[in-house]
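Architecture and fold: a report
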Amino acid sequence: MTAFTPISIYLNGKAMAIASIADAAKALQQTWPSMDKPSRREAIRMIEECLAGHCSHQAAFAAFEAAASEQGLFEQKPPSAGLRKFDGVAEDLM
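Notes on the structure in this doc start here. This structure is a prediction, so every number in the text was calculated from the model and none was measured.

A few points about the overall build of the protein
The helix and strand inventory of the protein stands at 4 helices and 2 strands. In sequence order, the protein lays out its α and β elements as β-β-α-α-α-α. Radius of gyration (C-alpha) of the protein: 16 Å, far over the 12 Å computed for a compact globule of 94 residues. Its C-alpha atoms put the protein at 50 × 25 × 20 Å along the principal axes. Within the protein, the fraction of its 94 residues that count as buried is 30%. In the protein, 48% of the contacts between residues at least 6 apart in sequence involve partners at least 24 apart.

Next up, the structure:
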């Protein structure tokens, strides 16, 4: 399976790292906030098509990301103290 840059989603209070089609398929088997949203069903279909060799890994992963985004499964955390310092230094250099 093609690996992707990992993304983190939060399902049932737990973080899941999704970096492959297999990870996405596993996440889609979990309980989502809305199990019947069209984007989730489309992601399932695209993952199945990908596993059968009928669509690209990129298209299937993009469908998964869209479904996760629509359901608010990406949680943005505030930047760490180190990253804030780095941002400050970068701003000073500009």
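Re the packing of helix α1 (residues 21–28) against helix α2 (residues 38–51)
α2 packs onto α1 with a crossing angle of 140° between their chain directions and a minimal axis gap of 10 Å. Accordingly, the angle class assigned to the pair α1 and α2 is oblique. Crossing of α1 over α2 shows left-handed handedness. Within the contact between the two elements, α1 uses Ile 21, Ala 24, Ala 25 and Leu 28 and α2 uses Arg 40, Ala 43, Ile 44, Ile 47, Cys 50 and Leu 51. Of the residues that constitute the contact of α1 with α2, the class distribution is 9 nonpolar, no polar and 1 charged.

Here's the deal with the nonpolar core
Of all hydrophobic cores here, the largest spans 23 residues; its most connected members are Ile 9, Ile 18, Trp 32 and Phe 64. If you list the elements that add at least two residues to this core, you get β1 (3–11), β2 (14–20), α1, α2 and α3 (57–70). Counting residues per element, this core draws most heavily on α3, which supplies 6 residues. With sequence-adjacent residues up to four places away left out, Phe 64 is seen in contact with Ile 7, Ile 9, Ile 18, Ala 24, Ala 27, Leu 28, Trp 32 and Ala 43.

Description of the pairing of β2
Where β1 meets β2, 6 bridges bridge the pair, whose relative direction is antiparallel. Of the residues in β2, the one forming a bridge with Tyr 10 is Ala 15. The antiparallel hairpin formed by β1 and β2 contains 2 residues in its connecting segment, where Asn 12 sits at a positive phi of about 55°.

Scoring rules and cut-offs
Residues numbered from 1 in each chain as written. Predicted model: local features only at pLDDT ≥ 70, side-chain atom pairs only at ≥ 80, totals over all residues. Heavy atoms only, no water. Helix = DSSP H or I, 4+ residues; strand = E, 2+ residues; numbered from the N terminus. Rg over C-alpha atoms; globule rule 2.2 N^0.38 Å. Buried < 20%, exposed > 50% of the residue type's maximum accessible area, 1.4 Å probe, protein only. Contact = heavy atoms within 4.5 Å. Axes fitted to C-alpha atoms, helices over the stretch in contact; angles between N-to-C directions. Parallel < 35°, antiparallel > 145°, perpendicular 65-115°, else oblique. Left-handed = near helix turned anticlockwise from the far one by under 90°. Nonpolar A, V, L, I, M, F, W, Y, C, P; charged D, E, K, R; others polar. Core = buried A, V, L, I, M, F, W, Y, C linked by side-chain atoms within 4.5 Å. Pairing = 2+ DSSP bridges.

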